[in-house]
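As a plain string of letters, each chain reads:
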Amino acid sequence: MRIIVHNDKCQGHARCWAHAPDVFKLDDEGYILAGDIEVAERDELLATRGARSCPERALEIDRAFDALLDRFLFNQACGGFNT
Amino acid sequence: MVRDFSLFTSPGMGPTPDGDPHAAVACAHDAPSIFYSPNNTRDGRGTWVITRAKDQRRVLHDTATFSSHRSIFASALGENWPMIPLELDPPAHGVFRSLLNPLLEPKRVMVLEPAIRERAIVLIDGISAASTNCDVMKDFAFPFAVSIFLHFLGLPDERLDTFVGWGKDLLHGEGVKRTAAARTIVAFIDDLAAVRRKEPTDDFMTFVVEAKVDGRPLTDEEVRGIGVLVFVAGLDTVATAIGFDLAYLARNPKDQQLLRREPDRIGLAAEELLRAYSTVQMIRVAKKDIEFEGAPIRKGDYISCATMIANRDPAEFENPNTIDLAREDNRHTAFAYGPHRCLGSHLARREIVIGLEEWLSRIPDFRIKEDTAPITYGGHVFGIENLILDWS
Ligand code: SF4
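This one's a predicted model, so the numbers in the text were calculated from it and none came from an experiment.

A. Fine view of the overall build of chain A. Secondary structure summary: chain A contains three helices and three strands in total. Starting at the N terminus, the α and β elements of chain A follow one another as β-α-β-α-β-α. Counting across all 83 residues of chain A, residues that qualify as buried make up 42%. Approximately 4800 Å² of chain A is accessible, and the part contributed by carbon and sulfur atoms is 53%.

B. Representation of the overall build of chain B within the structure. Per the secondary structure count, chain B includes 14 helices and 15 strands. Over its C-alpha trace chain B gives a radius of gyration of 21 Å, about what one expects of a compact globule, namely 21 Å for 392 residues. Per-residue burial for chain B yields a buried fraction of 58% across its 392 residues. Split by element, the accessible area of chain B, about 15700 Å² in all, is 53% carbon and sulfur. Within chain B, the 56 negative side-chain charges are centred at a point lying 3 Å from the centre of the 45 positive side-chain charges.

C. Molecular detail of the sheet that holds strand 4 (residues 66–67) of chain B. Residues and elements named next belong to chain B. Overall, mixed pairing links the five strands, which are arranged 2-3-11-8-4 in an open sheet. Sheet topology places strand 2 (34–37) and strand 4 at the edges, where each strand pairs with a single neighbour. By the bridge criterion, four bridges tie strand 2 to strand 3 (residues 47–50) in an arrangement that is antiparallel. Pairing of Phe35 across the sheet is with Val49, part of strand 3. Packed on one face of the sheet, helix 2 (residues 53–61) meets strand 3, strand 4, strand 8 (281–286) and strand 11 (302–306) and runs near 125° to strand 11.

D. Expanded view of helix 6 (residues 136–153) of chain B. Residues and elements named next belong to chain B. Relative to the 26 Å expected for 18 residues at 1.5 Å per residue, helix 6 spans 24 Å between its end C-alpha atoms, a close match to the ideal helical length. The largest bend along helix 6 measures about 30° and falls at Phe142, with the proline Pro143 one to four residues further on. Of all the 18 residues making up helix 6, 15 are buried; the element is thus mostly covered by neighbouring parts of the structure. Measuring from the backbone nitrogen of Met137 back to the side-chain oxygen at the start of helix 6 gives 3.0 Å, which picks out Asp135 as the cap. Gly154 lies just past helix 6 and shows a positive phi near 90°.

E. How the structure looks around the interface of chain A and chain B. Residue-level contacts link 21 residues of chain A with 25 residues of chain B. Summing both partners gives a buried area of about 2000 Å² for chain A against chain B, and 45% of it is carried by carbon and sulfur. Taken together, chain A and chain B are joined by four salt bridges. The shortest N-O distance in the salt bridge between Asp329 of chain B and Arg52 of chain A comes to 3.8 Å. At the level of secondary structure, the elements contributing two or more residues to the side of chain A that touches chain B comprise helix 1 (15–19) and helix 2 (44–52) of chain A. In the side of chain A that touches chain B, the residues fall into seven nonpolar, six polar and eight charged.

F. Highlighting the sheet that holds strand 1 (residues 2–5) of chain A. All names here are of chain A. Overall, antiparallel pairing links the three strands, which are arranged 2-1-3 in an open sheet. A strand with exactly one partner marks an edge of an open sheet, and here the two such strands are strand 2 (37–38) and strand 3 (59–62). Bridging between strand 1 and strand 3 involves four bridges; their strand directions are antiparallel. When the sheet's bridge partners are listed, Val5 is paired in strand 3 with Leu59. Packing against the sheet, helix 2 makes contact with strand 1 and strand 3, and its axis sits at approximately 140° to strand 3.

G. Focus on helix 14 (residues 345–362) of chain B. If you check helix 14 of chain B, its first and last C-alpha atoms are 26 Å apart, about what 18 residues at 1.5 Å a residue would give, namely 26 Å. Within helix 14 of chain B, 14 of the 18 residues are buried, which leaves the element mostly enclosed by the surrounding structure.

H. Inspection of the side chain of Arg178 of chain B at higher detail. Residue and element names in this part refer to chain B. Within the secondary structure layout, Arg178 lies in helix 8 (residues 175–198). Given the relative accessible area of 19%, Arg178 is considered buried. Non-local contacts of Arg178, meaning those with residues more than four positions away in its chain, are made with Arg42, Ile72, Ala76, Asp169, Leu170 and Gly173.

I. The arrangement of the environment of Ile148 of chain B in detail. Residue and element names in this part refer to chain B. You can see Ile148 is positioned in helix 6. Along the sequence, Ile148 and Leu235 sit 87 residues apart, while their C-alpha atoms lie 10.0 Å from each other. Contact partners of Ile148, with chain neighbours within four places excluded, come to Ile116, Arg119, Leu347 and Glu351.

J. Expanded view of the site of the ligand. Around the ligand, the neighbouring residues are Cys10, Gln11, Gly12, His13, Ala14, Arg15, Cys16, Cys54, Glu56, Ala58 and Leu59 of chain A. Looking at the shell around the ligand residue by residue, the class counts come to six nonpolar, three polar and two charged.

K. A look at the nonpolar core. Ranked by size, the top nonpolar core spans 100 residues in total, and within it Phe73, Phe140, Phe231, Leu246, Trp359, Phe366 and Leu389 of chain B carry the most contacts. A total of 18 residues in this core trace back to one element, the largest contributor, which is helix 10 (residues 220–251) of chain B. Setting aside anything within four residues of it in sequence, one finds Leu246 of chain B in contact with Val136, Leu356, Trp359, Phe366, Leu387 and Leu389 of chain B. Ranked by size, the runner-up nonpolar core spans 20 residues in total, among them Met1, Ile3, Ile37 and Val39 of chain A.

L. Quick peek at unusual backbone geometry. Residue and element names in this part refer to chain B. Cis geometry marks the peptide bond from Ile84 to Pro85; its omega dihedral reads 5°. As for its placement among the helices and strands, Pro85 is situated in the loop between helix 3 (72–75) and helix 4 (92–104). Across the junction of Pro90 and Pro91, the peptide omega takes the value 5°, indicating a cis bond. Along the chain, the position of Pro91 falls in the loop between helix 3 and helix 4. At Asp18, a residue that is not glycine, the phi angle is positive and equals roughly 55°.

Reading the values: the criteria
- Residues numbered from 1 in each chain as written.
- Chains lettered and ligands numbered in written order.
- Predicted model: local features only at pLDDT ≥ 70, side-chain atom pairs only at ≥ 80, totals over all residues.
- Heavy atoms only, no water.
- Helix = DSSP H or I, 4+ residues; strand = E, 2+ residues; numbered from the N terminus.
- Buried < 20%, exposed > 50% of the residue type's maximum accessible area, 1.4 Å probe, protein only.
- Areas by Shrake-Rupley, 256 points an atom, 1.4 Å probe, with all protein chains shown as cover.
- Rg over C-alpha atoms; globule rule 2.2 N^0.38 Å.
- Lys, Arg positive; Asp, Glu negative; His and termini not counted.
- Charge placed at Lys NZ, Arg CZ, Asp CG, Glu CD.
- Pairing = 2+ DSSP bridges.
- Contact = heavy atoms within 4.5 Å.
- Axes fitted to C-alpha atoms, helices over the stretch in contact; angles between N-to-C directions.
- Expected span 1.5 Å × (residues − 1).
- Bend = angle between axes of the 7 residues up to and from the residue.
- Polar contact = N/O pair within 3.5 Å; in protein donor to acceptor, adjacent residues only side chain to side chain.
- Buried area = accessible area lost by both parts, 1.4 Å probe.
- Salt bridge = Lys/Arg side-chain N within 4 Å of Asp/Glu carboxyl O.
- Nonpolar A, V, L, I, M, F, W, Y, C, P; charged D, E, K, R; others polar.
- Near = heavy atom within 4 Å.
- Core = buried A, V, L, I, M, F, W, Y, C linked by side-chain atoms within 4.5 Å.

Encoded structure:
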């Protein structure tokens, strides 16, 4: 799972960090660091909760990439592993 | 477009025994998304009332159209200077936010945690050694919250009662009392700044008088604007939140049991209680004429974004009037939204959570003492005046 960070929207509520301090990193003023976040599978639940708690909607959960991968791996029709 | 609605005078907004002012304002969701309320400030001015969370976000984000400079404190003195950073608009706002943010960012607040916890423990142990009931507001919530913030400002505890009195007069007093309190607080902050200029220590006020923005030291008015805001903001908001939270737990033994059994839930529960019992009304001033959701807002009009209304918006929260301590994805805006997100929010959160944790772990099953009724009220900051809990 990937989280797209719109850090221009962040206002430093730190709700994301409260749920998943290992996933969301804050700067010295308490705002989220720039850069999208690649979330390891074991952190997905907490990361999702954190992203959904953001009052500014600064964190967008990007599942498109996972979905693509799924389709690629499991849907033979779209030309995945067809050996 | 005009409705008889006021956070000061509507039913349930004046001091009410066993009142529930938050439920009383939640009825605003039966109204249109914006309406005009002719009497919705302390001085009897009208405001536009924005009832939907989505629209409040629009207002609070659009700092180019909606100014935060209301000079609410200074105007009580017939003056006009901003409390900083609350009443500054961008870009000046950002300069002061960057200066002050590091003092109150989450990781720094964690450093203050042991001192906060110790203060809670001392107070609660004192209460439980003395009796099996107490007035939570007077005996715990106020002394706790105010002493933390005195500590932060670098002031001794001895004057705690005096400060709480000033705060009460300022926020809930009428006319003359309020002006006198405002004058007293300004004089106090000015004095404190002067003392710290001469004899710096390592407290907040010293930091402010020694700080620089844009390569220059702060003016006296800026120092005062910051000092007054920190003073006023810390006086009763956290105490009030703790009061509403403990009143809820006293009336809902099942939830009280749940948090006793699983203290790990207190953090999340505190967020839900912040949502359901938000206490602050934010007001913005229109900088120009604008059509907003069909309403003709004119330059200079007041626009009210009451957190207690937004946080019970059914479009935003499922069953908004149900308190669900396990509610997830709780994007409440008790600490406001946008650039003016409450600077002290992280400290406030920790105080509330630690206060509840220590109270629950040291005081057995509690309820509201028979034949007593906590008095609640609406207004600019919602409040609870007394809360007699009994665990005999
Ligand atoms: S929750 Fe949103 S606003 Fe808050 S720190 Fe995280 S990204 Fe920023």
